[in-house]
Amino acid sequence: MNDFSGRIDEFFDGCLNLQYLDLSSNKFTGNIWTGFSRLVEFSVSENFVTGPVPASSFSENCALKGLDLSVNEFRGELPREISSCKNLVMLNLWGNKFSGSLPSELGSISTLEGLLLGDNSFSRVIPESLLNLRNLAVLDLSMNNFGGQMQEIFGRFKQLKSLVLQGNSYTDGLSSSVIHKLTNLSRLDLSYNNFSGPLPAEISQMVGLKFLVLAYNQFTGAIPPQYGDLSQLQALDLSFNRLVGSIPPSIGNLRSLLWLMLANNSLTGEIPGELGNCRSLLWLNLANNQLSGRLPHRLTNIGRNPTPTFESNRQSNPMVTGPSDCLVTERLLTIDYSPFGFIYTILTRKICKNIWNQLLQGHGFFQVCVKDSPVRKYRVSGYLQLTGNRFSGEVPSGIGNMQHLSVLDLSYNQFNGKLPTEIGNLPLVVLNISWDKFSGEIPMEIGNLNCLQNLDLSHNEFSGTFPGNLNSLNELSKFNISFNPQIAGKIPDFGQLATFEEESYLGNPLLQSRVSKWKDPTVPALKLENENGSKSSEESEKGFWWKALLMEYGCGMTLGMVMLYFCVRKTQPKWAVNKVEAMHRLKVVRPLKKNGGINL
């Protein structure tokens, strides 16, 4: 994780006692150092090393336990001689240009626990010998352009705890793979494929599942209520499919659920109140469906006590995290303007792994505001994303109890009534309630949200006086109050609100601001008069110049018309005569055309 560059192919030849070498996340180029097999662990992940991996790199006395060549530009086939590494526990080749068949000799490395081969061009034929790897817990074959039906062999990897096949081109359903028989599996990621048909209810037999990610496919039909039997489930991501029907109330049985992602489907009906039983649910995304009705008051109970889930994760061994999991982490954490966005400018696999483990164990990685305290603390922070549905009615006042909520997005719905003042109790970073029907005054309590960075109240029906205390939100970087035409008052000419441009205040004729008071034609002209009722000298001077300009313009037009008249009268230019005759003919033709009496 530096900016080291240059070649490494012969650099470490003299380091005869070296056992652990980590060169990851730098800018090294050239070919690989061929002496790595005498080490215990070697990582050159996330560099620009290229070329084939020579078969001679794997000596007969190979001591490797961990080999990480991921995210480079290696090409060619994986040498069969890798089987000489009899103690190898982790092999990570993800994100290269390897091709050809997977060597069946991999099945002889009995110690192998992690095999990460994603984002390459390996053949879709999976060697039967891999079934002999009794200790294999993690298998990642994502993004290898595998197509057609999912291979039947995957249903026989009974020893697996994590199977990642995202980003391939699988089609049809899942029944042919018999994948539901993998009862030891705790993580299944089949996202970004072309799976179709109904979601198989048989997945509920995978009682050990903690993470089920089926997003970005073409699954149809309803969400099976049997998914509520997956008692250990912590993440359920079915977003970006073609699912219909309602959210099963049985989902409320999932007391360990941290993420529920159902966005971008065609789900209908109301949110079941049973979701309020999901005591660990911190991240809920139901955006862009056709859900309707009121928000149940019980929904405000989600995430009220995630501690048991976090403590369970702290006591269990952390799962191997590969680059594929970083893609999942990014999708689960980010929304367009979330407070998590800053991490992706520096994201490497090590950072991703650290963030993922912190989240699962309940350790926050950025500071949030704490109610009734000027001190900010590192806490796990969640979101409620309901944008793009048909929700209506008032927002329940109990929303103020959702103390783990940092992002609240209710935009593009039909919420109405007053915005509850209890919203000022939340440690919000983002509040978006645009394109709804909220009315009444904007709660002054919003001014208490000291951590707020994004506030969008636009396109509603708010009225009354604009709360000036919003100017104290010093961290506000995005603000929009536009198109609330009944809001009156004045935006301060200094402070945080004065830093925003005209787009933040459009469509508010009663609201004066630094950028709108001279530009909005609906705002009455300000009377610039002195105490005696006479206009100021500056205004008089402006009036004089306007009058002079109008007089000059009028005189010029009059003189020009007179000269044109005499010129035409005297010379009768052909173009002018033709123009006049054409106008006369047009007057005759028009009545005939109206009556349908002529065809031209």
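So, a few notes on the structure that sits alongside this text. Here the structure is a predicted model, which means the values were calculated and not measured.

### Let's talk about the overall build of the protein chain
Counting secondary structure elements, the protein chain contains 5 helices and 38 strands. Relative to its 600 residues, the protein chain shows a buried fraction of 49%. For the protein chain, contacts bridging at least 24 residues in sequence account for 53% of all contacts bridging at least 6.

### A word on the packing of aromatic side chains
For the structure shown, the criterion picks out 23 aromatic pairs. Ring centres of Tyr216 and Phe240 lie 4.2 Å apart, and the angle between their planes is 10°; on these two criteria the pair is classed as stacked. Of this pair, Tyr216 sits in the loop between β18 (211-213) and β19 (218-221) while Phe240 sits in the loop between β20 (235-237) and β21 (242-243), placing them 24 residues apart in sequence. Aromatic pair Phe466 and Phe479: ring centres 6.4 Å apart, planes at 75°, arrangement edge-to-face. Pair noted here: Phe466 is in the loop between β35 (461-465) and β36 (478-480) and Phe479 is in strand β36, with a separation of 13 residues, a long-range link. Residue Phe479 is classed as buried on the basis of its relative accessible area, which comes to 6%. One aromatic cluster is present, formed by Phe11, Phe12, Trp33, Phe36, Phe42 and Phe58 through successive ring pairs.

### Section: the sheet that holds β21
The strand order across the open sheet formed by 3 strands is β17-β19-β21, and the pairing between neighbours is parallel. One side of each edge strand has no neighbouring strand; the edge strands of this open sheet are β17 (196-198) and β21. Pairing between β17 and β19: 3 bridges, direction parallel. Bridge pairing links Ser196 to Gln218 in β19.

### Let's talk about the environment of Asn460
One can find Asn460 in the loop between β34 (454-456) and β35. In this structure Asn460 comes out as buried when scored by relative accessible area, which is 5%. Remark: the alpha-carbon pair of Asn460 and Gln414, spanning 46 residues in sequence, is separated by 9.7 Å. Residues within four places of Asn460 in sequence aside, it is in contact with Ile433, Ser434, Trp435, Asp436, Lys437, Phe438, Phe483 and Asn484. A polar atom in the side chain of Asn460 sits 3.4 Å from the backbone nitrogen of Asp436.

### Observations regarding the state of the cysteines
Linking two cysteines covalently through their sulfur atoms gives a disulfide. Tallied over the full model, the rule gives 2 disulfides. Disulfide pairing places Cys62 opposite Cys85 at an S-S distance of 2.2 Å. Between Cys62 and Cys85, the S-S dihedral sits near 90°, and the bridge is therefore right-handed. With Cys62 in the loop between β5 (50-51) and β6 (66-68) and Cys85 in the loop between β7 (73-76) and β8 (90-92), this residue pair connects regions lying 23 residues apart in the sequence. The pair Cys62 / Cys85 is uniform in exposure class, with both members buried. Cys369 shares a disulfide with Cys451; S-S distance 1.9 Å. Disulfide Cys369-Cys451: the torsion about the S-S bond is 95°, which places it as right-handed. Here Cys451 lies in the loop between β33 (437-440) and β34 and Cys369 lies in strand β26 (residues 367-370), a separation of 82 residues in the sequence. By the burial criterion, Cys369 is buried, and Cys451 matches it.

### As for empty space enclosed by the protein
In this approach a probe as big as a water molecule rolls over the atoms, and the regions it shows empty are the leftover space. For the structure on display, the rule yields 3 cavities of 30 Å³ or more. Empty space within the largest cavity amounts to approximately 90 Å³. Of the residues that constitute the lining of the largest cavity, the class distribution is 8 nonpolar, no polar and 3 charged.

### Considering the nonpolar core
The biggest cluster of nonpolar side chains holds 123 residues, and the ones touching the most others in it are Phe42 and Leu163. In contact with Leu163, not counting residues within four places along its chain, are Leu139, Met150, Phe154, Ile179, Leu182, Leu185, Arg187, Leu188 and Asp189.

### Digging into the sheet that holds β35
Strand order in the open sheet formed by 8 strands is β23-β25-β29-β31-β33-β35-β37-β38, with parallel pairing between adjacent strands. Both outer strands of the open sheet, β23 (268-269) and β38 (511-512), are each paired with one neighbouring strand and no more. Two strands pair when backbone bridges link them, and strand β37 (residues 486-490) and β38 are joined in this way by 2 bridges, in the parallel orientation. In the strand pairing of β38, Lys490 is matched with Gln512.

### Observations concerning the pattern of salt bridges
Taken as a whole and assessed by the stated rule, the structure comprises 7 salt bridges. A salt bridge links Asp3 to Lys27, with the shortest nitrogen-to-oxygen separation between them at 3.7 Å. Of the two residues, Asp3 is situated in the segment before β1 (5-7) and Lys27 in strand β3 (residues 27-29); the sequence distance between them amounts to 24 residues. Its relative accessible area of 60% is what places Asp3 among the exposed residues. The shortest N-O distance in the salt bridge between Arg156 and Glu128 comes to 2.7 Å. Of the two residues, Arg156 sits in the loop between β13 (147-148) and β14 (162-164) while Glu128 sits in the loop between β11 (121-122) and β12 (138-140), which places them 28 residues apart along the sequence. Classification of Arg156 by relative accessible area gives partly exposed; the value is 35%.

### Some details on unusual backbone geometry
What you tend to see is this: most non-glycine residues have negative phi, and most peptide bonds are trans. A positive phi angle, close to 55°, is found at Asp119, a residue other than glycine. Relative to the elements of secondary structure, Asp119 occurs in the loop between β10 (114-116) and β11. Among the residues examined, Asp119 registers a relative accessible area of 26% and is labelled partly exposed. You will see that Phe483, though not glycine, has its phi angle at about 55°, which is positive. Tracing the backbone shows Phe483 in the loop between β36 and β37. Since its relative accessible area comes to 38%, Phe483 is described here as partly exposed.

Rules used throughout
- Residues numbered from 1 in each chain as written.
- Predicted model: local features only at pLDDT ≥ 70, side-chain atom pairs only at ≥ 80, totals over all residues.
- Heavy atoms only, no water.
- Helix = DSSP H or I, 4+ residues; strand = E, 2+ residues; numbered from the N terminus.
- Buried < 20%, exposed > 50% of the residue type's maximum accessible area, 1.4 Å probe, protein only.
- Contact = heavy atoms within 4.5 Å.
- Phe/Tyr/Trp six-rings, centres within 6.5 Å; stacked < 30°, edge-to-face > 60°.
- Pairing = 2+ DSSP bridges.
- Polar contact = N/O pair within 3.5 Å; in protein donor to acceptor, adjacent residues only side chain to side chain.
- Disulfide = S-S within 2.5 Å.
- 1 Å grid on protein atoms, 1.4 Å probe; cavity = no way out; pocket = protein on both sides within 12 Å on 5 of 7 lines; lining within 4 Å.
- Points joined across faces, edges and corners; volume = space filled by probe spheres on them.
- Nonpolar A, V, L, I, M, F, W, Y, C, P; charged D, E, K, R; others polar.
- Core = buried A, V, L, I, M, F, W, Y, C linked by side-chain atoms within 4.5 Å.
- Salt bridge = Lys/Arg side-chain N within 4 Å of Asp/Glu carboxyl O.

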